[in-house]
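Residues per chain, in single letters:
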Amino acid sequence: MYGKRVKLRFFFISTLILTFILIIYLLLEAFEKEVVYFLSPTDIKNMSEIDSKKIRVGGMVKNGSISTETDKINFIITDFKNEIIVTYSGAVPNLFMEEKGVVAEGYLKDKNFFIAKKILAKHDENYMPPEVKEAIEDY
Amino acid sequence: MFNYFEPNKIFSITSKVQKYTIYIFIIVLCIGLFEAIILSPKDYIQSDSVRIMYVHVPSAWLSLGIFTVISILSFFSLIFKNKNFPLICKSLAPSGILFSIIALVTGSIWGKPTWGTWWAWDARITSMLVLVLFYIMYILAWKIFSEKEKANKISSIIAILGLINIPIIKFSVDWWSTLHQPASINILSKTTIHSSMLIPLTIMTAAFALFALLIFLMKYNTELIKIKNKGLDRL
């Protein structure tokens, strides 16, 4: 139905696409660690050694764990399997609160203790008016 | 089927459509803005900053959608040597790049009050930046090569290779841990945006789509006029 040149062009472009997909796939697999924006407390627990590089830890702020001292704020990040204690001095974003997502950037002191230099709030995919939220809570 | 192209016939339709599109766009945009700014409620946690969503999300969707269309049409134009598809792709690119930049900028403005940062090198944001770069390459390829055939080939290949980035943008929030939250609007699972916010989002998406259509028709008609002026009724 189609000429030989059309078939050849189709074959050429398909091969080009497949090659490119494969390259991208291999690159993303190889740099998985760099692509991931933060580690979970479980990832930290499973680390073989603690490196002194700046890393990010993310998860949920544990309910009732936020405590403020004069110039410091302490809280616990949990992924519901493991926990890590975080200490931070500075201003936190508006959306930083208990039972909400958080990403802390800083240094590990040990596997259970993290010194944050920067706190980012991670909000979830739920959007609703306050009245609806109240109704859900009452329910 | 793939080689049918008559600039004169198409122009007589598209020039009319362009006139109506601008009025529909203005009406839909006014309704959308009224819904988004006045009628829609505050978010229970983000309060008023959630309204950035009504610009950010439609722009992101459209920039992805337009790139996908460009890529698919480029694929067919390369294989079947279609004369019309390159013109369509070329005319779609400006609104595509505009929306991708709007998505990045509004995302940045939204990120500061909610996340606490203007920019993060997470998978979603970085892949979105790659999309902007692909748009820039695509548009530049058309401008750099003065020879039509060569410009078409190179820009088409850029568009086809860039298509691989689209699923990466879409699924980056599911595949890797990112600062960006996962999708709220899902076809297979539950949508997590309350209906009072979904309505303005839908209307704003329609308004932005009409804007993209309008810019597309303006560019496309210009391309058609260029062909007519060369005295080439049939290519």
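First, a word on scope: everything that follows refers to the structure included in this document.

1. What to know about the packing of aromatic side chains
Per the counting criterion, the structure on display carries 14 aromatic pairs over all chains. Between A:Phe75 and A:Phe96, the aromatic rings sit 4.8 Å apart at their centres with planes inclined by 65 degrees, giving edge-to-face as the arrangement. Of this pair, A:Phe75 sits in strand S3 (residues 73-78) while A:Phe96 is found in the loop between strand S4 (83-88) and strand S5 (101-110), placing the two residues 21 residues apart along the sequence. Classification of A:Phe75 by relative accessible area gives buried; the value is 1%. Of the residues examined, A:Phe96 reaches a relative accessible area of 9% and is grouped as buried. Ring centres 5.6 Å apart and planes at 80 degrees place the aromatic pair B:Phe75 and B:Phe76 in the edge-to-face group. Classification of B:Phe76 as partly exposed rests on a relative accessible area of 27%. Among the aromatic side chains, those forming a connected cluster through ring pairs are A:Phe10, B:Phe75, B:Phe76 and B:Phe80.

2. A few points about the pattern of salt bridges
For the structure shown, the criterion picks out nine salt bridges over all chains. Across the pair B:Arg51 and B:Asp48 runs a salt bridge whose closest N-O atoms are separated by 2.9 Å. Classification of B:Asp48 by relative accessible area gives partly exposed; the value is 36%. Through salt bridges with shared partners, a single network forms among A:Lys54, A:Arg56 and A:Glu105.

3. With respect to the interface of chain B and chain A
Where interface size is quoted, it is often the accessible area lost as the parts come together. Listed as interface residues are 43 residues of chain B and, on the opposing side, 37 residues of chain A. Between chain B and chain A lies a buried interface of about 3,700 Å² when both sides are counted; carbon and sulfur atoms form 69% of it. Interface area lost by chain B to chain A is led by B:Tyr44, B:Ile79 and B:Trp176, which between them contribute 19%. At the boundary of chain B with chain A, the tally comes to zero salt bridges.

4. Some remarks on the packing of helix H2 (residues 53-80) of chain B against helix H3 (residues 85-114) of chain B
All names here are of chain B. Packing of H2 against H3 leaves a shortest axis separation of 7 Å and a crossing angle of 150 degrees. Regarding the angle of H2 to H3, the classification is roughly antiparallel. Our pair here, H2 against H3, has a crossing hand that is left-handed. In the contact of H2 with H3, the residues fall into 19 nonpolar, ten polar and no charged.

5. Some details on the nonpolar core
Generally speaking, soluble globular proteins have nonpolar side chains that are buried together. One finds B:Met53, B:Ile70, B:Leu131, B:Tyr138 and B:Tyr220 to be the most contacted residues of the largest nonpolar core, which totals 66 residues. Ranked by residue count, the leading element in this core is helix H7 (residues 195-229) of chain B, at 14 residues. The residues contacting B:Met53, other than those within four sequence positions of it, are A:Tyr127, B:Pro58, B:Trp110, B:Ile193, B:Met197 and B:Leu201.

Each value, and the rule that gives it
Residues numbered from 1 in each chain as written. Chains lettered and ligands numbered in written order. Predicted model: local features only at pLDDT ≥ 70, side-chain atom pairs only at ≥ 80, totals over all residues. Heavy atoms only, no water. Phe/Tyr/Trp six-rings, centres within 6.5 Å; stacked < 30°, edge-to-face > 60°. Helix = DSSP H or I, 4+ residues; strand = E, 2+ residues; numbered from the N terminus. Buried < 20%, exposed > 50% of the residue type's maximum accessible area, 1.4 Å probe, protein only. Salt bridge = Lys/Arg side-chain N within 4 Å of Asp/Glu carboxyl O. Contact = heavy atoms within 4.5 Å. Buried area = accessible area lost by both parts, 1.4 Å probe. Axes fitted to C-alpha atoms, helices over the stretch in contact; angles between N-to-C directions. Parallel < 35°, antiparallel > 145°, perpendicular 65-115°, else oblique. Left-handed = near helix turned anticlockwise from the far one by under 90°. Nonpolar A, V, L, I, M, F, W, Y, C, P; charged D, E, K, R; others polar. Core = buried A, V, L, I, M, F, W, Y, C linked by side-chain atoms within 4.5 Å.

Scope: geometric values only; no functional claims are made or implied.
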